[in-house]
Amino acid sequence: MADDSMFLDESDRYSRLRLISWWEQEKIAGARIMVAGAGALGNEVLKNLALLGVGRVFLLDFDDVENSNLSRSVLFRVDDEGQPKADCAARGLRDINGEIRVEARKANVMTDIGLGIFREMNLVIGCLDNREARLWLNRSCWKVNVPWVDGGIQEIAGVVKVFMPPGGSCYECTMTEADYRLINLRYSCPLLRREDLLQGKVPTAPTIASVIAGLQTQEALKLLHGMDDFAGKGMVFSGMGNNFYTTAFPRKEDCLSHETYPDVQGLPLSAKDTSAESLFEAAAPHFKTESSAPIKLVLDRDLLLHLSCQACDLHRQINRPLMTVSQKEGVCTGCGEDMITSITNEIRQDSETAKLTLAEAGIPPYDILRVTRGDESCFFCLEEDRATALGEVL
Ligand SMILES: [Zn+2]
Ligand SMILES: [Zn+2]
């Protein structure tokens, strides 16, 4: 038998990986991957991506490191307490592999990450702890046609699901009535977010995090190599009985997540500096059909314009996505009752709200916007935000 070392470049840290029959390190080095969530699962996935030499990693998490994270998070250190998880995880990745480019965001996947960012990813790995954020990730990936790998853990059991738009089943196709009920539980009557529910306090161990994250990363690797046999399927592992099985999810034809945007056109605009009015001006020449109907911006996130209490004659301008407003904020400081909400899901050309900037209308940087006139829809990407939105992973 030949001595392997004769053919191996020992200075190449990936030399053993290259020996895997189907392996193409260049594909991995050339990949751009988003990891949503840097908790127990996210830490393990991110660690794997750094070991593998994934060229560009965009990672996000909304939370700060807490003491209880230290038992399940390989990238965090004692001194990280109180620091953003995203930044600490990014530092951990750079320590493991200085060759990779990492962009970290302390951000909420549902409100802060523009679709333009999603569109530039080869794939997205979901390491989230709630269904609502998964559903959002799913719809975002579908809109821009990017595959994603979902992972979930509880105690010492877990599940991995692979989704590949536009065909096959998606995350929402796998949702049950009970899943929808759990999502709705998070909102109280006037739709403002309830803060009193335990969030992200799922009991888990680092062992199951590494098992499931390992499987997620492996599926991601296969997708990068063009192996998509597992799309629309899931793997379920129970650590108590060591039961492992795979399952195929049927596609629901009436599923609400299956929209994929057609042609997306770039406009040299940014979310922060562009009013809806100027967007409409820039968009107008792109419509192909004649119509006297007003141009409208259709919002992906319902916008809370203001809160008011008639009894106390109080009126508060809010201009934030409804999903970022807590129930507490919706209580009148005068009488303690819930205030009346004024909510919109579109901005019309001739309205007062058209004076708002896109950022004030709850649109994140480098987002892709749906603008309609009559029956025609056009899709525009806010190109001016690209460099800052992608940062290191540009
Ligand atoms: Zn679906
Ligand atoms: Zn009041």
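Just so it is clear, the model here is predicted, and its values are computed rather than measured.

Engineer: Would you explain the overall build of the protein chain in this entry?
Structural biologist: Broken down by element type, the protein chain carries 10 helices and 14 strands. Taking 2.2 N^0.38 as the reference for a compact globule, 394 residues should give roughly 21 Å; the C-alpha atoms of the protein chain span a radius of gyration of 23 Å, in line with that estimate. Structurally, the protein chain occupies a C-alpha span of about 85 × 50 × 45 Å along its principal axes. Split into buried and exposed, the 394 residues of the protein chain put 51% on the buried side. Considering only contacts within the protein chain whose residues lie at least 6 apart along the sequence, 68% involve residues at least 24 apart. Counting only carbon and sulfur atoms, one obtains 50% of the accessible surface of the protein chain, whose full area is about 18,600 Å².

Engineer: For this particular structure, what's the right way to read the coordination of the zinc ion (ligand 1)?
Structural biologist: Coordination of the zinc ion (ligand 1) by the protein involves Cys170 (SG), Cys173 (SG), Cys255 (SG) and His258 (NE2), with metal-donor separations of 2.1 to 2.3 Å. If you look at the zinc ion (ligand 1), its 4 donor atoms make angles of 96 to 122° with each other, and the shape they trace is tetrahedral. Written as a sequence motif, the donor residues of the zinc ion (ligand 1) are C-x2-C-x81-C-x2-H. Placement of Cys170 in the loop between β6 (157–163) and α7 (177–184) and of His258 in the loop between β8 (243–248) and β9 (264–267) is noted, with a sequence separation of 88 residues between them.

Engineer: Please clarify how the side chain of Arg56 should be interpreted in this entry.
Structural biologist: Tracing the backbone shows Arg56 in strand β2 (residues 56–61). The charged side chain of Arg56 is buried without a salt bridge, its nearest counter-charge being Glu120 at 6.8 Å. For Arg56, the residues in contact, after removing those within four places along its chain, are Gly30, Ala31, Arg32, Ile33, Arg101, Val393 and Leu394.

Engineer: Sorry, what's going on with the coordination of the zinc ion (ligand 2) here?
Structural biologist: By definition of the ideal shapes, a tetrahedral metal site with four donors has angles of 109.5 degrees and an octahedral site with six donors has angles of 90 or 180 degrees. Protein coordination at the zinc ion (ligand 2): the donors are Cys309 (SG), Cys312 (SG), Cys332 (SG) and Cys335 (SG), at 2.3 to 2.4 Å from the metal. All donors to the zinc ion (ligand 2) come from one chain, and their sequence spacing reads C-x2-C-x19-C-x2-C. Of the two residues, Cys312 is situated in the loop between β10 (295–309) and β11 (314–321) and Cys332 in the loop between β11 and β12 (340–348); the sequence distance between them amounts to 20 residues. Cys332 gets classed as buried once you look at its relative accessible area, which sits at 3%.

Engineer: Honestly, the pattern of salt bridges in this entry has me stumped. Any pointers?
Structural biologist: Counted by the stated rule, this structure contains 22 salt bridges. Salt-bridge contacts for Arg370 lead to Glu259; the nearest nitrogen and oxygen are separated by 2.7 Å. Remark: Glu259 occurs in the loop between β8 and β9 and Arg370 occurs in strand β13 (residues 368–373); sequence separation between them is 111 residues. Given the relative accessible area of 31%, Glu259 is considered partly exposed. Here Arg320 makes a salt bridge to Glu329, at a shortest N to O gap of 3.0 Å. Salt bridges sharing common partners tie together Asp12, Arg18 and Glu26.

Engineer: Sorry, what's going on with the environment of Arg119 here?
Structural biologist: Its place among the elements puts Arg119 in helix α5 (residues 115–119). With 23 residues separating them in the primary sequence, Arg119 and Trp142 have C-alpha atoms 9.8 Å apart. Beyond its immediate chain neighbours, meaning those up to four positions away, Arg119 contacts Val144, Val146, Val264, Ile368, Cys381 and Glu383.

Engineer: Looking at this structure, I do not really get unusual backbone geometry. What am I missing?
Structural biologist: Note: most residues except glycine have negative phi, and most peptide bonds are trans. Following Pro165, the chain continues into Pro166 via a peptide bond in cis, with omega recorded as 0°. Mapped onto the fold, Pro166 is located in the loop between β6 and α7. In this structure, Asn145 is a non-glycine residue whose phi angle is positive, near 65°. Relative to the helices and strands, Asn145 is located in the loop between α6 (131–144) and β5 (148–154). With relative accessibility at 38%, the residue Asn145 sits in the partly exposed group.

Definitions and cut-offs
- Residues numbered from 1 in each chain as written.
- Chains lettered and ligands numbered in written order.
- Predicted model: local features only at pLDDT ≥ 70, side-chain atom pairs only at ≥ 80, totals over all residues.
- Heavy atoms only, no water.
- Helix = DSSP H or I, 4+ residues; strand = E, 2+ residues; numbered from the N terminus.
- Rg over C-alpha atoms; globule rule 2.2 N^0.38 Å.
- Buried < 20%, exposed > 50% of the residue type's maximum accessible area, 1.4 Å probe, protein only.
- Contact = heavy atoms within 4.5 Å.
- Areas by Shrake-Rupley, 256 points an atom, 1.4 Å probe, with all protein chains shown as cover.
- Donors = N, O, S within 2.8 Å, 3.2 Å for Na, K, Ca; no water.
- Tetrahedral: all angles 85-135°; square planar, octahedral: opposite > 155°, others 65-115°.
- Lys, Arg positive; Asp, Glu negative; His and termini not counted.
- Salt bridge = Lys/Arg side-chain N within 4 Å of Asp/Glu carboxyl O.

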